[in-house]
Amino acid sequence: MRYLVREKLFAIGDDYWIEDDHGNKAFLVDGKVLRLRHTFELKDAGGRVVAVVKEKAFTVRDAMRIENTDGDTVATVREKLFTPFRDKYRVELADGGELKIHGDLIDKDYRIENGHGDELARISRKWFRVRDTYGVEIADGADTGLLLAVAACVDHLTEED
């Protein structure tokens with residue numbers, strides 16, 4: 001499934017719908033106002049919270065935490081210590097696994113892979129002619145909410161750099 005995402009999701013208090021490739025509202029990015037850290041909730045079309053994303057405060061490297069509805073951390077997107085410019089972030093999963101992010105983050109043309117090298121998501125600006133828009137294509141059976149949250153984290157962290 002492919003989704004349409006607009007850049008700059010973290011404008012203070014902004015809410016935004018992520019649309020599927022048929023133009024249907026699929027996920028709501030619910031930005032939270034009056035928070036010291038960037039925070040948003042990712043909700044499905046029915047209003048159910050799928051993930052909560054919070055910027056980690058007081059860290060040496062930029063990082064964002066993705067939580068489930070119980071407040072448990074399921075993943076942390078963080079900057080790598082030493083890396084070439086293109087592969088700058090990684091995703092640490094709560095179960096000890098890791099997702100790898102490869103490609104051109106600035107121009108929004110990268111992929112997210114599991115530890116075995118299987119592509120879980122492809123992110124590309126090239127699929128759309130609309131300015132400040134990119135697509136997220138999720139592999140069948142992959143965790144859509146988690147991968148959309150990871151893409152939003154990478155978007156935010158890249159923009160902050």
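Residues numbered from 1 in each chain as written. Predicted model: local features only at pLDDT ≥ 70, side-chain atom pairs only at ≥ 80, totals over all residues. Heavy atoms only, no water.

Trainee: Just give me the short version of the overall build of the chain, but keep the residues and values in it.
Mentor: A tally of helices and strands in the chain yields one helix and twelve strands. Going from N to C terminus, the chain has its helices and strands arranged as β-β-β-β-β-β-β-β-β-β-β-β-α. For the chain, with 161 residues in total, the buried portion stands at 48%. Counted over contacts in the chain with a minimum sequence separation of 6, partners at least 24 positions apart contribute 30%. (Helix = DSSP H or I, 4+ residues; strand = E, 2+ residues; numbered from the N terminus. Buried < 20%, exposed > 50% of the residue type's maximum accessible area, 1.4 Å probe, protein only. Contact = heavy atoms within 4.5 Å.)

Trainee: Got a sec to walk through the pattern of salt bridges? Specific residues and values, please.
Mentor: By the definition in use, this model includes 13 salt bridges. Glu41 is paired through a salt bridge with Lys43; the nearest N and O atoms lie 3.7 Å apart. Across this residue pair, the class does not change: Glu41 and Lys43 are buried. Residues Glu113 and Arg111 are paired through a salt bridge, measuring 2.8 Å at the closest nitrogen-oxygen approach. A relative accessible area of 27% places Arg111 in the partly exposed class. Each of Arg78, Arg90, Glu92 and Glu98 takes part in one network of salt bridges that share partners. (Salt bridge = Lys/Arg side-chain N within 4 Å of Asp/Glu carboxyl O.)

Trainee: Any details on the environment of Val50? Residues and values, ideally.
Mentor: Structurally, Val50 is set in strand 5 (residues 49–55). Placed 18 residues apart in sequence, Val50 and Asn68 show a C-alpha to C-alpha distance of 6.8 Å. If sequence neighbours within four positions are ignored, Val50 has contacts with Phe27, Leu42, Lys43, Asp44 and Gly145.

Trainee: How would you summarise the nonpolar core if you had to cite specific residues and measurements?
Mentor: In this structure, Ile18, Ile66, Val77, Ile101, Ile112 and Val150 are the most contacted members of the largest nonpolar core, which totals 39 residues. Per-element accounting of this core gives the leading share, ten residues, to helix 1 (residues 144–160). (Core = buried A, V, L, I, M, F, W, Y, C linked by side-chain atoms within 4.5 Å.)

Trainee: An account of the side chain of Asp104 is requested, with residue identities and associated values reported.
Mentor: Structurally, Asp104 can be placed in strand 9 (residues 98–104). With relative accessibility at 19%, the residue Asp104 sits in the buried group. A polar atom in the side chain of Asp104 sits 3.1 Å from the backbone nitrogen of Asp107. (Polar contact = N/O pair within 3.5 Å; in protein donor to acceptor, adjacent residues only side chain to side chain.)

Trainee: Give me unusual backbone geometry: which residues, what numbers.
Mentor: Positive phi outside glycine occurs at Lys108, with the angle close to 55°. For Lys108, the location among the structural elements is in the loop between strand 9 and strand 10 (109–113). The exposure class assigned to Lys108 is buried, which follows from its relative accessible area of 4%.

Trainee: Quick rundown of the side chain of Glu67? Include the residues and the values.
Mentor: Structurally, the position occupied by Glu67 is in strand 6 (residues 63–67). Take Glu67: its relative accessible area is 7%, and that puts it in the buried class. A distance of 2.8 Å separates a polar atom in the side chain of Glu67 from a polar atom in the side chain of Arg65. With residues near it in sequence (within four places) discarded, Glu67 still touches Ala51, Val52, Lys54, Asp72, Thr73 and Val74.

Trainee: Got a sec to walk through the environment of Asp44? Specific residues and values, please.
Mentor: Looking at the secondary structure, you find Asp44 in strand 4 (residues 39–44). Residues within four places of Asp44 in sequence aside, it is in contact with Ala26, Phe27 and Val50. Reaching out from Asp44, the side chain makes a polar contact with the backbone nitrogen of Gly46 at a distance of 3.0 Å.

Trainee: Break down the pairing of strand 12 (residues 133–138) for me, with residues and values.
Mentor: Among the six residues in strand 12, five count as buried, and that is most of the element. As paired elements, strand 1 (residues 2–6) and strand 12 share five bridges and run antiparallel to each other. Bridged to Arg2 within strand 12 is Glu137. Pairing between strand 11 (residues 119–124) and strand 12: four bridges, direction antiparallel. Looking at strand 12, one finds that Arg122 is bridged to Glu137. (Pairing = 2+ DSSP bridges.)

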